[in-house]
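Per-entry structural report
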Amino acid sequence: MDLFKMKSLSKGELHVHLNGLAKTNILRSLLESCTDELPKGFSLSSDLTRSTPASSLSDYLKPWQALRLIPRSRTDLSKIVDSAFAELQRENVKFVELRNSIIYISLLNGITVQESLEWLLQAIDELSTKYNITAGLILTVTRGEYAPEHLRALLEAYKLLGRPKSVVGLDLAGNEEVHPPTETASLFRKAKDDEGLSITIHAGETGKPLNIEEAIHNYGADRIGHGTAIIKSPQLMDLVKEKDICIEVCPVSNRLTNAVAENESHPVREMVEHGVPFVICSDNPSIHCSSLSEDYLEFYNETGNSELLENMFATQKKYSFIKGLK
Ligand SMILES: [Zn+2]
């Protein structure tokens, strides 16, 4: 199988961050208006992308030093979402679960969290129709002391907007060494039980298998973002199989964050051997100067398994948080 074949496969995308998907040249043009706010020494021509393995997580996260400065208007947000959908169309993606943390949009634009969520949902609805790609939104909360406060604000906005169907889930992201207040986990579980929102947790990416276990037991995770550390624990691999919890595998990203070192084989090989449920996703393809098809190709190069890729669209539908996919 080659890249041309990978491109031609119909796909679903279950793990992609909006700001890491929109094309870099669009983001760069939006950032032109606020260059004076960029961190000292930040280069718009070279620091918005990452195509070689980072030396640390903060090194990997450098593009976000600029990305958190936009959008400065509703029009700019629509441009970002439009660019994201154009990229998905190029990859033959039929349905997508976009991730975004929303709160920075309200801070940048002096609007409420409810308004910023409404801006984003309207843009997603419009562009989903324009590009004929089914879309859902996952609300991302970052690990840290403000996690409970942010989650409450997001859930409040979601309720005030009448619980829009296009909001399909919640996500916890960020540095796994940082432990958010313990109530964060119970708030996730409560949102799952009371609101029917599905849960995915970035866990076991740069951290330990224990974080995956906590994501399942404490947060009620339905899926795990990255989860590369799972192969260190056969019991944990058995647990996700038993509970049918899907791992969102992002091969290109794992190399660039150094979650998987250059000289190691990718853990997805062992996931395949142990029958662990997984889907292939792209995480931040534009930042990686890559694409979902290139993640498929990486997977193929690691495993030589074309059958799983041929069936990947069905697997992605099975584990999607979007209800009623055909
Ligand atoms: Zn991610």
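Here's what I pulled together on the structure shown here.

So, how was this worked out
Residues numbered from 1 in each chain as written. Predicted model: local features only at pLDDT ≥ 70, side-chain atom pairs only at ≥ 80, totals over all residues. Heavy atoms only, no water. Donors = N, O, S within 2.8 Å, 3.2 Å for Na, K, Ca; no water. Tetrahedral: all angles 85-135°; square planar, octahedral: opposite > 155°, others 65-115°. Helix = DSSP H or I, 4+ residues; strand = E, 2+ residues; numbered from the N terminus. Expected span 1.5 Å × (residues − 1). Buried < 20%, exposed > 50% of the residue type's maximum accessible area, 1.4 Å probe, protein only. Axes fitted to C-alpha atoms, helices over the stretch in contact; angles between N-to-C directions. Parallel < 35°, antiparallel > 145°, perpendicular 65-115°, else oblique. Left-handed = near helix turned anticlockwise from the far one by under 90°. Contact = heavy atoms within 4.5 Å. Nonpolar A, V, L, I, M, F, W, Y, C, P; charged D, E, K, R; others polar. Salt bridge = Lys/Arg side-chain N within 4 Å of Asp/Glu carboxyl O.

Re the coordination of the zinc ion
- Within the first shell, the zinc ion binds the protein through His-15 (NE2), His-17 (NE2), His-202 (NE2) and Asp-283 (OD), at distances of 2.1 to 2.3 Å.
- The coordination sphere of the zinc ion comprises four donor atoms, whose angles at the metal cover 85 to 169°; the geometry is irregular.

Focus on helix H15 (residues 292-303)
- The end-to-end C-alpha distance of H15, which contains 12 residues, comes to 17 Å, matching closely the 16 Å that a straight helix rising 1.5 Å per residue would cover.
- By the burial criterion, the buried members of H15 are Leu-292, Ser-293, Asp-295, Tyr-296, Phe-299 and Glu-302.

As for the packing of helix H11 (residues 209-217) against helix H12 (residues 234-243)
- Two numbers describe how H11 lies on H12: the axes approach to 11 Å, and their chain directions differ by 25°. It follows that H11 is roughly parallel to H12 by the angle criterion. Judged by the twist between their axes, the crossing of H11 over H12 is left-handed. Contacts between H11 and H12 involve Pro-209, Ile-212, Glu-213, Ile-216 and His-217 from the former and Leu-236, Leu-239, Val-240 and Lys-243 from the latter.
- Taken together, the residues that form the contact of H11 with H12 break down as six nonpolar, one polar and two charged.

Brief notes about the pattern of salt bridges
- What the rule picks out here adds up to 20 salt bridges.
- One salt bridge connects Arg-152 with Glu-183, and the closest N-O pair in it is separated by 2.7 Å. Highlighted residues: Arg-152 in helix H9 (residues 147-160) and Glu-183 in helix H10 (residues 183-195), separated in sequence by 31 residues.
- According to the relative accessible area criterion, Arg-152 is partly exposed, its value standing at 44%.
- Salt bridges here are not isolated pairs; linked through shared partners, they connect Glu-97, Arg-99, Asp-171, Arg-223 and Glu-248.

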